[in-house]
Amino acid sequence: FIGLGNLGTPIVTNILKAGHSVRIYNRTPSKVLDLVSSLPADVASRIHHASSPRDAIPSKTGIVASIVSNDNALREIIDGEEGILSGIGSGGIHLCMS
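Position numbers for residues start from 1 in each chain and track the written sequence from start to end. Whole-chain, interface and lining totals are the exception, using all residues; otherwise, since this is a predicted model, local features are given only for residues with pLDDT of at least 70 and side-chain atom pairs are given and counted only at 80 or more. Hydrogens and waters are ignored; side-chain quantities use all the structure's heavy atoms.

Caption draft 1: Spatial organisation of the pattern of salt bridges. The rule for a salt bridge is simple: a side-chain nitrogen of Lys or Arg has to be within 4 Å of a carboxyl oxygen of Asp or Glu. Inspection of the entire model under this criterion finds three salt bridges. Where Arg23 meets Asp55, a salt bridge forms, and the shortest distance between an N and an O atom there is 2.9 Å. Note that Arg23 is positioned in strand β1 (residues 22–24) and Asp55 in the loop between β2 (47–49) and β3 (63–66), a separation of 32 residues in sequence. Note on Asp55: relative accessible area 21%, which makes it partly exposed. Between Glu76 and Arg27 there is a salt bridge; the shortest N-O distance is 3.9 Å. Of the two residues, Glu76 sits in helix α4 (residues 71–79) while Arg27 sits in the loop between β1 and α2 (29–38), which places them 49 residues apart along the sequence. Only DSSP runs of H or I reaching four residues or more are called helices, and only runs of E reaching two or more are called strands; each is numbered from the N terminus. For every residue, the accessible area obtained with a 1.4 Å probe (protein chains only) is divided by the maximum for its type, and the residue is called buried under 20%, exposed over 50%, and partly exposed between those limits.

See below:
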C-alpha cells in the first residue's frame, strides 16, 4: 500500500484489523512509524515498512494499491527509479485510488 494520508491511513488500519499483513510505503517515512506506534503490537507486527514503491509490491504478480495527493506524486511512485513499474510484473495489478 502506498500513501498514508487522510484516506490511506484508515484504509490500511482496517486491512490490518481484518487480520491481513500489509507492505506500506510512504514518501514521508515517519507516517509509517506513527501508524506502527498507534496500533497494538500484534496488529503492528503485520506491517512491512517498504523502502520504496517497488518494495511495496508483495510479488511480481502481486497487487499494490496507492492513494497519493496529486499527479506529481503519482508519477513519482509509478515512474521513478524505484517506482511501481520497475518491480511489477505482467500479472501484477496497480490499484490507483488517487
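Caption draft 2: Just the environment of Ile88, in detail. Inspection of the secondary structure puts Ile88 in the loop between α4 and β4 (93–96). Each C-alpha atom, one on Ile88 and one on His49, is 18 Å from the other, the two residues being 39 residues apart in sequence. With residues up to four places along the chain from it excluded, the contact list for Ile88 reads Ile57, Lys60, Gly62, Val64, Ile93 and His94. By definition in these notes, contact holds between two residues if any of their heavy atoms fall within 4.5 Å.

Caption draft 3: Quick peek at the pairing of β3. The pairing of β3 with β4 spans four bridges and is parallel. When the sheet's bridge partners are listed, Val64 is paired in β4 with His94. Viewed with both strands pointing away, a crossover whose connecting path from the first strand over the helix to the second turns clockwise is right-handed. The handedness of the β3 to β4 crossover, carried by α4, is right-handed. Following DSSP output, two strands are said to pair if at least two bridges run between them.

Caption draft 4: Local environment of the layout of surface pockets. For each structure, a 1 Å grid was placed over the protein atoms alone; sets of points admitting a 1.4 Å probe that cannot get out are labelled cavities, open sets with protein on both sides within 12 Å along at least five of seven lines are labelled pockets, and lining residues have an atom within 4 Å of a point. Grid points are joined across faces, edges and corners, and a volume is the space filled by probe spheres set on the points. Quantified by volume, the largest pocket comes out at close to 240 Å³. Residue lining of the largest pocket: 15 residues in total, with Gly5, Asn26, Ile67, Val68 and Ser69 positioned closest to the centre. Note on residue categories: nonpolar means Ala, Val, Leu, Ile, Met, Phe, Trp, Tyr, Cys or Pro, charged means Asp, Glu, Lys or Arg, and polar means any other residue, Gly included. Residues belonging to the lining of the largest pocket are distributed by class as follows: six nonpolar, seven polar and two charged. Of the volumes computed, that of the second largest pocket is approximately 160 Å³.

Caption draft 5: Up close: the side chain of Ser66. Summarising the element assignment, Ser66 is placed in strand β3. On the basis of relative accessible area, Ser66 is assigned to the buried category, the value being 0%. The term polar contact refers here to a pair of N or O atoms within 3.5 Å; inside protein, the definition further demands a hydrogen-donor-capable atom paired with an acceptor-capable atom, and it admits residues adjacent in sequence only when both atoms are side-chain atoms. A polar side-chain atom of Ser66 sits 2.7 Å from a polar atom in the side chain of His94. Ser66 has contacts with Ile2, Leu74, Ile77, His94, Leu95, Cys96, Met97 and Ser98, leaving out every residue within four places of it along the chain.

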